[in-house]
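Chain and residue survey
Here is how the chains run, residue by residue.
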Amino acid sequence: MGILSIVTGLSVESAFALFNVCISIATAFLFEHYLRRTFHLTRLSATLGGCLFIASASNVGTVAFPMLEPASAFFSCLIFLTASNRRTLGFACTSVAAVATKEILVFSSLLWWLHREPSERAWRCIAVSSLPLLAFASIRIVMGSSALEVNYGFDILHGEFPAYGRRLLGFNSCLAVMFQTFLSFSFFWFGLLRAHRHPQLRRELILVPLVIIAAALLSGRITRVLGVLFPIVLPAFLVMLEEMAASQSGTQLAPPAGGTTESGTSQ
């Protein structure tokens with residue numbers, strides 16, 4: 001940010017905000033490409049998806065401040081794109097950079113494995129999926145910390161753990177956690193109710209509860225952290241919208257590649 005501040009003549013805070021605005025716009029366009037290429041949504045639906053990302057709580061709440069959520073959203077979208085397309089080099093570079101930006105993106109290790117093809121050798125998949133985990137541990141060791149340090153100084157290897165999990169033990173605090181979780185995507189969460197009908201979303205659904213649990217246990221800012229799930233939540237909602245529109249118009253959407261028709265026969 002120092003270089004951007006010098007080039008633009010802005011303060012460091014304003015330069016950070018400018019960077020966040022630019023990377024948010026780039027993420028919106030990348031997300032539109034992802035929606036059209038991976039989910040075969042119409043141009044209108046894909047554009048709506050980009051707009052929904054820009055307006056999401058985690059993005060709107062951080063874009064004007066010196067925070068890394070907009071950058072982590074960009075890397076999150078790239079991770080999902082490269083993992084679903086099995087771009088090994090792209091995923092390797094992106095996932096390492098992603099973990100260096102935001103620790104929660106270490107879930108990319110599991111994401112790569114979830115998209116493993118039956119013909120892909122297990123050892124190769126394990127080697128690639130381990131890269132984000134190795135990056136996570138290596139960064140902490142280089143910085144002089146423990147390999148499993150979380151949330152600014154808690155060392156899990158020494159039995160230390162943030163106290164955020166205690167919120168789940170009280171009724172009012174648990175309700176607060178649930179409310180913050182809902183605010184991350186509001187009613188767009190309901191798209192997940194039909195996500196199992198799409199082959200790719202069905203593979204990725206396990207990431208949703210895992211990231212929510214990690215955010216509840218390790219973070220004080222749940223709404224911000226859960227923003228990295230937008231490549232799952234928003235496509236699920238948009239696919240549901242297109243299915244509802246097709247059913248009302250009396251037409252039927254072509255099932256995605258690898259999917260099945262309602263009669264159960266493969267396409």
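Calculation notes
- Residues numbered from 1 in each chain as written.
- Predicted model: local features only at pLDDT ≥ 70, side-chain atom pairs only at ≥ 80, totals over all residues.
- Heavy atoms only, no water.
- Salt bridge = Lys/Arg side-chain N within 4 Å of Asp/Glu carboxyl O.
- Helix = DSSP H or I, 4+ residues; strand = E, 2+ residues; numbered from the N terminus.
- Buried < 20%, exposed > 50% of the residue type's maximum accessible area, 1.4 Å probe, protein only.
- Phe/Tyr/Trp six-rings, centres within 6.5 Å; stacked < 30°, edge-to-face > 60°.
- Lys NZ or Arg CZ within 6 Å of the ring centre and 35° of its normal.

Summed over all chains, the structure comprises six salt bridges. Notably, a salt bridge pairs Arg-86 with Glu-120, separated by 2.8 Å at the nearest N-O pair. Here Arg-86, found in the loop between helix H5 (69-84) and helix H6 (88-101), pairs with Glu-120, found in the loop between helix H7 (108-114) and helix H8 (122-142); they are 34 residues apart in sequence, far enough to count as distant. For Arg-86, a relative accessible area of 17% puts it in the buried group. Here Glu-103 ties to Arg-140 by a salt bridge, and the two come within 3.2 Å at their closest N and O atoms. On the criterion of sequence distance, the pair formed by Glu-103 in the loop between H6 and H7 and Arg-140 in helix H8 is long-range, its members being 37 residues apart. Classification of Glu-103 by relative accessible area gives partly exposed; the value is 36%. Among the ionic contacts, a cluster of salt bridges with common partners joins Glu-69, Lys-102 and Arg-224.

Moving on to the packing of aromatic side chains. In this structure the tally under the stated criterion is twelve aromatic pairs. A centroid spacing of 5.0 Å and a plane angle of 75° characterise the contact between Phe-31 and Phe-230, whose relative ring orientation is edge-to-face. With a gap of 199 residues between them, Phe-31 in helix H2 (residues 12-39) and Phe-230 in helix H13 (residues 230-249) connect regions that are remote in the sequence. The class of Phe-31 is buried, set by a relative accessible area of 0%. Phe-230 sits in the buried class, given a relative accessible area of 1%. Ring geometry for Phe-53 and Phe-230: centres 4.7 Å apart, planes at 35°, overall tilted. One end of the pair, Phe-53, is in helix H3 (residues 43-54); the other, Phe-230, is in helix H13, with 177 residues separating them in the sequence. For the pair Phe-53 and Phe-230, one class covers both residues: buried. Above the plane of the ring of Trp-112 lies Arg-86, whose end atom (NZ or CZ) is 3.7 Å from the centre. Geometry around Phe-136 places Arg-140 over its ring, the cationic atom sitting 3.8 Å from the centre.

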